[in-house]
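As a plain string of letters, each chain reads:
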Amino acid sequence: GTARGTMTSANVTSVRVSCTDVGRFAYVLNSESSNVSGWSIDAATGALTALSGSPFPFSVFSIHPNGRFAYAAGGRVFAINRDTGALTEVAGSPFASASPAVITPNGRFGYTPRSGGCTSSPGPGTPSPCLPLAGSVSASRIDSSTGGLEAVVGSPFVAGIEPRSASVDASG
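Predicted model only: the values in this text are computed from it and were never measured.

Visitor: Would you take a moment to explain the overall build of the protein for this structure?
Guide: Secondary structure assignment for the protein yields zero helices and 15 strands. A total of 172 residues make up the protein; the buried ones form 36% of that total. Contacts in the protein between residues far apart in sequence, at least 24 positions, make up 43% of those at least 6 positions apart. Element-wise, carbon and sulfur atoms account for 54% of the exposed surface of the protein, whose accessible area totals about 9,300 Å².

Shown next, in the form of structure tokens:
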């Protein structure tokens, strides 16, 4: 029989699914352990089966619309094996450009919100309050054939105080 796994964690941050005609894998970001659990999806029942080698020792942010690449923290890019779902780092990774949290439907650009953090200027003996700094959105150009990342000219772009998530209009 096929070994089945149970997707359980008190600290699952997000689930990403490889969405192509051959894509049939789900990747679960485990925030507390800073790794990714990988699962194959049964096309008929939706049941999940743990991938060999899972959990993987990195944090996946997003999956390219072509289902061939996964993007992790620190500009790391992984090829997704279409048969096994295994993740293998691509040549040139890590890239200097930020790993995209969201990718446009055509797969050409990715965007990542960044908090500005905080600063303080307390006087002697005064508590150190957090004064929020401006956040930003990093923009990357994506090579759909290699998965490679390159910063868009002008990136990062100023974006409020505490940007936490991003989304892209489905129409692109």
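Visitor: Can you walk me through the nonpolar core in this structure?
Guide: Grouped burial of nonpolar side chains is what soluble globular proteins tend to show. The biggest cluster of nonpolar side chains holds 14 residues, and the ones touching the most others in it are Tyr27, Phe58, Ala70, Ile80 and Leu87. At three residues, strand S2 (residues 25-30) tops the list of elements feeding residues into this core. By size, the runner-up hydrophobic cluster in this structure holds eight residues, among which are Val90, Phe95, Ile103 and Ile142.

Visitor: I tried to follow the sheet that holds strand S6 (residues 69-72) on my own but got confused; where do I start?
Guide: Overall, antiparallel pairing links the four strands, which are arranged S5-S6-S7-S8 in an open sheet. Across the chains shown, the open sheet's two edge strands, defined by having one partner strand only, are strand S5 (60-63) and strand S8 (87-89). Across the sheet, the mean angle separating the axes of adjacent strands is 35 degrees when strand polarity is ignored. For S5 and S6, the ladder comprises three bridges, and the chain directions are antiparallel. Counterpart to Ile63 in the pairing with S6 is Ala70.

Visitor: What is the right way to read the environment of Thr88 from this model?
Guide: By the element assignment, Thr88 lies in strand S8. With a relative accessible area of 49%, Thr88 lands in the partly exposed category. When the C-alpha atoms of Thr88 and Phe78 are compared, they prove to be 5.0 Å apart, with ten residues separating the residues in sequence.

Visitor: Even after reading the chapter, I still don't get the packing of aromatic side chains, so can you show me in this structure?
Guide: By convention here, two paired aromatic rings are described through the distance between centres and the angle between planes. One pass over the structure, following the stated rule, counts two aromatic pairs. Note on Phe56 and Phe58: the rings are 6.1 Å apart at their centroids and 15 degrees apart in plane angle, and the pair reads as stacked. For Phe58, a relative accessible area of 7% translates into the label buried. Taking the centre distance of 3.9 Å and the plane angle of 15 degrees together, the rings of Phe58 and Phe78 count as stacked.

Visitor: Got a minute to help me understand the pairing of strand S3 (residues 35-41) in this structure?
Guide: Regular strands place their side chains on alternate faces of the sheet. For S3, a buried count of five out of seven residues is recorded, marking the element as mostly surrounded by other parts of the structure. Pairing of S2 with S3 involves six bridges; the strand directions are antiparallel. The residue bridging Ala26 from the neighbouring strand is Trp39, located in S3. Two strands pair when backbone bridges link them, and S3 and strand S4 (residues 48-50) are joined in this way by three bridges, in the antiparallel orientation. Within S4, the position partnered with Ile41 by the bridge is Leu48. Hairpin connection, S3 to S4: the antiparallel pair is bridged by six residues, and Gly46 has positive phi, about 85 degrees.

Basis of the calculations
- Note on numbering: residues in each chain are counted from 1, in written sequence order.
- Where local features are concerned, this predicted model is filtered to residues with pLDDT of at least 70; where side-chain atom pairs are given and counted, the filter is 80 or more; whole-chain, interface and lining totals use all residues.
- Excluding hydrogens and water, the side-chain values take into account all heavy atoms of the structure.
- Strands here mean DSSP runs of E at least two residues long; helices mean DSSP runs of H or I at least four residues long; both are numbered from the N terminus.
- Under the scheme applied here, a residue whose accessible area is under 20% of the maximum for its type counts as buried, over 50% as exposed, and between as partly exposed, the area being computed with a 1.4 Å probe on protein chains only.
- We call two residues in contact whenever any of their non-hydrogen atoms come within 4.5 Å of each other.
- Under the convention used here, a 1.4 Å probe and the Shrake-Rupley method define accessible areas, while residue burial counts only the protein chains that appear.
- Definition used in this section: a nonpolar core is a set of buried Ala, Val, Leu, Ile, Met, Phe, Trp, Tyr and Cys residues joined via side-chain atoms within 4.5 Å.
- Strand pairing follows a simple DSSP-based rule, namely that at least 2 bridges must link the two strands.
- Every axis corresponds to a line fitted to the C-alpha atoms, with the helix fit spanning only the stretch in contact, and the corresponding angles, defined between N-to-C directions, vary from 0 to 180 degrees.
- Centres within 6.5 Å are what make two rings of Phe, Tyr or Trp a pair, Trp counting through its six-membered ring; a difference in plane orientation under 30 degrees is then read as stacked, over 60 as edge-to-face, and the rest as tilted.

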